[in-house]
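Analysis of the macromolecular model
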2 protein chains.
Amino acid sequence: MFMNSNYPAESRALIAVDCIIFGFDEHEEVLKVLLIKRDMTPHKGDWSLMGGFLGIDETVDDAASRVLHTLTGLDNIYMEQLHVFSEVARDPVERTISVAYIALININDHDQKLIQQYSARWFTLEDKPDLIFDHDEMFNLGLSRLQHRVSTKPIGFELLPEKFTMRQLQKLYEEILATDLDKRNFSKKINSLEILEKLDEKDKRSSRKGSYLFKFDEEKYKEKSRQGFHFKI
Amino acid sequence: MFMNSNYPAESRALIAVDCIIFGFDEHEEVLKVLLIKRDMTPHKGDWSLMGGFLGIDETVDDAASRVLHTLTGLDNIYMEQLHVFSEVARDPVERTISVAYIALININDHDQKLIQQYSARWFTLEDKPDLIFDHDEMFNLGLSRLQHRVSTKPIGFELLPEKFTMRQLQKLYEEILATDLDKRNFSKKINSLEILEKLDEKDKRSSRKGSYLFKFDEEKYKEKSRQGFHFKI
DNA sequence: TGCATAAGTGTAAAAAATACAATATTATTG
DNA sequence: CAATAATATTGTATTTTTTACACTTATGCA
């Protein structure tokens, strides 16, 4: 047994994480992505995903959490590993492989000043500029993953405030899935899942009648999951 | 613009790929996994997934293909990136992050001599020994991914010979999903997908009557996919 | 020729998904 | 205070999909 033994013949590479950060603009009722303006060459001034390098004492999840916290000031952001991107010349500066993540945040919660510091901006999917390196490929894959995930896991709520109306939830799904849904069938479906709590409170901003507010009941969801329930929309 | 510019302050790490190689034993009608006996310290003699390090001129997919070819002699193996494992101390020798892959092969196609060279063996899921490092975690995640994938993509055929009976296909699904299926409902379902070609040929090994052989019609599947069809079992 | 063995097939019931439109609530206004 | 305007809420009929369930067929062999 040797001290400081290693695998000497092998080549090491830089490891990055890049985050596709999604948010839902309740006012405009559109899905948005948070992008930063690159402050170093090459491609200085172009738009990119927020990223960073893996630290010596971090897992890639740690690194992604750190990167997300740095930009938004938030902790415990929902995130999920997406895919490794490793084309040899993907980063012209140096061989770097990148682990892409998708992350979902409530667009109103984050630290506005921080994102200004990073010259970051929210873009609708329509207005999204072309991104550097292979970031467009990451983004496209991330959007597909999001579309799939919201259909099979109750993660859409991460994009909404704690209390939301049935209509907001429906708009969120319509926007992410890029489809129209029937409101009668939608609420029937959602209610049949029995994972939302209907509050007595109403949101009166959108109509005279006001619409009931709901809350995602995570405990109920977990309990049902233990009993074999599978979320499906 | 500088020559040989890089990101100097960041730390580099070794990058490995590890492959969870699944096969279906038609005779025993069980799902198996191909493991190798480790020939270096630490954990020499213990069982592990087949792996290798990322080469300087390879993508991680390239590396996984190479690793799979090295062990099996096969090319164009179905494989899919699973997840990055990056616990700081996961490899006690040196900081290494590993990209895990699942791979599906026909258990009768591969090069028997090669796997002997690597002291590799097929194990049923029941007999699978404990694996080194975090390879058990990789394996468990890989099995979940396989279960999900065979339900939503026509990849089960990768585990069977080109021509197979409806019963073999059903056994394969039963084994992977760890459930029993009704043969009437199963063949009704499969046939309704219209992606199999029923041959005139029969396999007479399993019964006097013989059972019809089928072939996966990839072209038909691709055409249907273009038209919005989604495989679902 | 009849027996043993696995292959192959159909139908009824239940559940889930879809299509579709009228009524309820309340603030505002005349 | 009655009418109105605007959005919220709710139910039913139809179609499709899934599930449950058992008998007939083909053939080699005794």
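Calculation rules
Residues numbered from 1 in each chain as written. Chains lettered and ligands numbered in written order. Predicted model: local features only at pLDDT ≥ 70, side-chain atom pairs only at ≥ 80, totals over all residues. Heavy atoms only, no water. Buried < 20%, exposed > 50% of the residue type's maximum accessible area, 1.4 Å probe, protein only. Helix = DSSP H or I, 4+ residues; strand = E, 2+ residues; numbered from the N terminus. Pairing = 2+ DSSP bridges. Contact = heavy atoms within 4.5 Å. Near = heavy atom within 4 Å. Polar contact = N/O pair within 3.5 Å; in protein donor to acceptor, adjacent residues only side chain to side chain. Nonpolar A, V, L, I, M, F, W, Y, C, P; charged D, E, K, R; others polar. Domains from an automatic or database assignment. Buried area = accessible area lost by both parts, 1.4 Å probe. Salt bridge = Lys/Arg side-chain N within 4 Å of Asp/Glu carboxyl O. Phe/Tyr/Trp six-rings, centres within 6.5 Å; stacked < 30°, edge-to-face > 60°. Lys NZ or Arg CZ within 6 Å of the ring centre and 35° of its normal.

We now examine the pairing of strand 5 (residues 78-85) of chain A. All names here are of chain A. Of all the eight residues making up strand 5, six are buried; the element is thus mostly covered by neighbouring parts of the structure. When strand 5 meets strand 6 (residues 96-105), the two strands line up antiparallel, connected through seven bridges. The residue bridging Met 79 from the neighbouring strand is Ala 103, located in strand 6.

Residue and element names in this part refer to chain A. Relative to the elements of secondary structure, Arg 66 occurs in helix 1 (residues 60-72). For the pair Arg 66 and Leu 54, spaced twelve residues apart in the sequence, the C-alpha separation amounts to 9.8 Å. For Arg 66, the contacting residues outside a window of four places in its chain are Phe 53, Gly 55 and Glu 58.

Inspection of the region around DNA strand C gives 20 residues, with Arg 184 and Lys 189 of chain A together with Arg 167, Arg 184 and Lys 188 of chain B positioned closest. Among all atoms of DNA strand C positioned within 4 Å of the protein, those belonging to sugar or phosphate total 40%. Interatomic distance of 3.3 Å between a side-chain N/O atom of Lys 209 of chain A and a base nitrogen of DNA strand C. Of all the secondary-structure elements, those providing two or more residues to the surface near DNA strand C are helix 5 (183-193) of chain A together with helix 5 (183-193) and strand 10 (211-216) of chain B. Broken down by element, the surface near DNA strand C gets its largest block of residues, five residues, from helix 5 of chain A. Class assignment for the residues of the surface near DNA strand C results in one nonpolar, five polar and 14 charged.

Here the focus is the domain arrangement of chain A. A common measure of how large an interface is: the accessible area buried when the components associate. All names here are of chain A. In terms of domain boundaries, chain A breaks down into domain 1 (14-152) and domain 2 (161-226). With centres defined by C-alpha atoms, the gap from domain 1 to domain 2 works out at 27 Å. Facing ten residues of domain 1, the contacting portion of domain 2 comprises eight residues. Buried surface at the junction of domain 1 and domain 2, both sides included, amounts to about 950 Å², of which 62% is carbon and sulfur. Looking at the side of domain 1 facing domain 2, the largest losses of area belong to Phe 24, Glu 29 and Val 150, adding up to 46% of the total buried there. On the surface where domain 1 and domain 2 come into contact, there are zero salt bridges. At the surface where domain 1 touches domain 2, the tally comes to four residue pairs in polar contact (both at pLDDT 80 or more). When contributions to the side of domain 1 that touches domain 2 are tallied by element, the ones reaching two or more residues are strand 2 (30-37) and helix 3 (135-152). Counting residues per element, the side of domain 1 that touches domain 2 draws most heavily on helix 3, which supplies four residues. Tallied by class, residues from the side of domain 1 that touches domain 2 come to five nonpolar, three polar and two charged.

All names here are of chain B. Taken as a whole and judged by the stated rule, the model has 16 aromatic pairs over all chains. Ring centres of Phe 22 and Phe 139 lie 6.1 Å apart, and the angle between their planes is 40°; this geometry places the pair in the tilted category. With a gap of 117 residues between them, Phe 22 in strand 1 (residues 12-25) and Phe 139 in helix 3 (residues 135-152) connect regions that are remote in the sequence. Classification of Phe 22 by relative accessible area gives buried; the value is 0%. Seen from their ring centres, Phe 157 and Phe 216 are 4.5 Å apart, and the 10° between their planes marks the pair as stacked. Of this pair, Phe 157 sits in the loop between helix 3 and strand 8 (163-165) while Phe 216 sits in strand 10, placing them 59 residues apart in sequence. For Phe 157, a relative accessible area of 10% puts it in the buried group. Note that Lys 128 overlies the ring of Phe 139, its terminal NZ or CZ placed 4.9 Å from the centroid.

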